[in-house]
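Breakdown of the fold
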Amino acid sequence: MITPVKGNKVEYDIRTYRNHRTVVSEKSETPLKLKVTAGAVAGTILPMILLAKKQNAKLYNIKYGMKELLLVSTCGIAGGTTAGVFAEKEHSKQKLNEGVFQFMNASIPTLLCGGLLGFSKKFKCLNNNIFKIGSTAVGLIAGMQVAAALSNKINDPMDKVPDRKLTIKDSIANIDDAIGILVLTKVPIAEKLHVDKILPVVFSWCGYRAGMSN
């Protein structure tokens, strides 16, 4: 026989539980976020220091060409990915996969846009701002699709898991490609606004995303 429980009914506020769960989750992620941020920033700044020394310039006055863009972006992503792998080893596979994706997403659109711009210089009728802007848009869109397909093939050659899809954040990350192309083509407004100054921030963010992936 079951003895009935006496007393008033206890009401639980699910909102309090959810808020508590969120706070606990945020606290547990804080050390990881700090480590990944440090790794991504360090990975971005170290090649910048070398470039600044080579160019005999300040960090904020580095001249970016295709090689410089690829070097700094690759190191930033590698730094964030490495920090994330060591800080959260149980998700190392996911972080490495995301690192590959971020690398492809940063490099392939840049290379494709650079190739199209190099092509335009060979023909006087194409060497104008209209073609440059158009080819940049085409290069970014097509490059992102190629980068996603290639990274999925590398990370999952047997196609056993769902493909990594492009997101809005990935598109925002490609602002570094758009800015890089503006810098490479020496568009007057880019030089006046000094848009190249925010490139290191974007590269660090890409590394951060890779390191935080789970």
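Once that is clear, we can look at the pattern of salt bridges. Scanning all chains against the criterion turns up 2 salt bridges. Between Lys-95 and Glu-88 there is a salt bridge; the shortest N-O distance is 2.8 Å. A residue is classified by how much of its surface remains accessible, and Lys-95, at 0% relative accessible area, is buried. Salt-bridge contacts for Glu-98 lead to Arg-164; the nearest nitrogen and oxygen are separated by 2.8 Å. Remark: Arg-164 occurs in the loop between α4 (129-155) and α5 (168-173) and Glu-98 occurs in helix α3 (residues 92-121); sequence separation between them is 66 residues. Residue Arg-164 is classed as partly exposed on the basis of its relative accessible area of 22%.

By size, the foremost hydrophobic cluster in this structure holds 9 residues: Met-48, Leu-51, Ala-52, Ile-62, Tyr-64, Leu-69, Val-72, Leu-199 and Phe-203. Only α1 (14-55), α2 (66-87) and α8 (199-212) provide two or more residues apiece to this core. Top element by residues in this core is α1. It accounts for 3 residues. Those residues in contact with Met-48 that lie beyond four places of it in its chain are Leu-59, Ile-62, Tyr-64, Val-72 and Pro-200.

Our next topic: the confidence of the model for the protein chain. For the protein chain, the average pLDDT comes to 79, and 75% of its residues sit at 70 or higher. Across the protein chain, the secondary-structure element scoring lowest on mean pLDDT is helix α7 (residues 188-193), at 59, and the one scoring highest is α2, at 92. Below pLDDT 50 for its whole length, residues 19-27 participates in 0 contacts with residues either more than four positions away or in separate chains.

Where nonpolar side chains cluster on the molecular surface, the patch consists of Val-41, Ile-45, Leu-46, Ile-49 and Leu-59 and spans about 400 Å² of accessible area. Tracing the backbone shows Leu-59 in the loop between α1 and α2. Judged by relative accessible area, Leu-59 falls into the partly exposed class, the value being 39%.

So, about the packing of aromatic side chains. The description of two aromatic rings rests on the distance between their centres and on the angle between their planes. Under the definition given, this model contains 1 aromatic pair. The residue whose ring lies beneath Arg-164 is Phe-101, and the NZ or CZ to ring-centre distance is 3.9 Å. The lysine or arginine in question, Arg-209, covers the ring of Trp-205, its NZ or CZ lying 5.5 Å from the ring centre.

Now for α2. The first and last C-alpha atoms of α2 sit 32 Å apart over 22 residues, in line with the 32 Å expected at 1.5 Å per residue. Of all the positions in α2, only Leu-69, Val-72, Ser-73, Gly-76, Ile-77, Gly-79, Gly-80, Thr-81, Ala-83, Gly-84 and Val-85 are classed as buried.

With that settled, consider the packing of α2 against α8. At a minimum axis distance of 7 Å, the contact between α2 and α8 shows a crossing angle of 35 degrees. As α2 packs across α8, the resulting crossing turns out to be right-handed. Residues Leu-69, Val-72, Ser-73, Gly-76, Ile-77, Gly-80, Thr-81 and Gly-84 of α2 pack against Leu-199, Phe-203, Cys-206, Gly-207, Ala-210 and Gly-211 of α8. In terms of residue class, the contact of α2 with α8 is made up of 7 nonpolar, 7 polar and no charged.

A separate point is the packing of α3 against α8. Where α3 contacts α8, the two axes come as close as 7 Å, and the packing angle between them is 155 degrees. Of the possible angle classes, the one that applies to α3 and α8 is roughly antiparallel. For the crossing formed where α3 meets α8, the hand is right-handed. Only Cys-206, Arg-209, Ala-210, Gly-211 and Met-212 of α8 make contact with α3, whose side of the interface consists of Lys-95, Glu-98, Gly-99 and Gln-102. Across the contact of α3 with α8, the residue classes break down as 3 nonpolar, 3 polar and 3 charged.

Bringing the environment of Phe-131 into the picture now. With respect to the helices and strands, Phe-131 occurs in helix α4. Judged by its relative accessible area of 23%, Phe-131 falls in the partly exposed class. Each C-alpha atom, one on Phe-131 and one on Ser-120, is 7.7 Å from the other, the two residues being 11 residues apart in sequence. Dropping the residues within four chain positions of it, Phe-131 is found in contact with Leu-116, Ser-120 and Leu-126.

Below, the discussion takes up the environment of Met-104. Among the structural elements, Met-104 can be located in helix α3. Separated by 45 residues in the primary sequence, Met-104 and Ala-149 have C-alpha atoms spaced 9.6 Å apart.

The rules we used
- Residues numbered from 1 in each chain as written.
- Predicted model: local features only at pLDDT ≥ 70, side-chain atom pairs only at ≥ 80, totals over all residues.
- Heavy atoms only, no water.
- Salt bridge = Lys/Arg side-chain N within 4 Å of Asp/Glu carboxyl O.
- Buried < 20%, exposed > 50% of the residue type's maximum accessible area, 1.4 Å probe, protein only.
- Helix = DSSP H or I, 4+ residues; strand = E, 2+ residues; numbered from the N terminus.
- Core = buried A, V, L, I, M, F, W, Y, C linked by side-chain atoms within 4.5 Å.
- Contact = heavy atoms within 4.5 Å.
- pLDDT = per-residue confidence, 0-100.
- Patch = residues over 30% accessible without salt bridge, like charges linked within 9 Å, V, L, I, M, F, W, Y side chains within 5 Å.
- Areas by Shrake-Rupley, 256 points an atom, 1.4 Å probe, with all protein chains shown as cover.
- Phe/Tyr/Trp six-rings, centres within 6.5 Å; stacked < 30°, edge-to-face > 60°.
- Lys NZ or Arg CZ within 6 Å of the ring centre and 35° of its normal.
- Expected span 1.5 Å × (residues − 1).
- Axes fitted to C-alpha atoms, helices over the stretch in contact; angles between N-to-C directions.
- Left-handed = near helix turned anticlockwise from the far one by under 90°.
- Nonpolar A, V, L, I, M, F, W, Y, C, P; charged D, E, K, R; others polar.
- Parallel < 35°, antiparallel > 145°, perpendicular 65-115°, else oblique.

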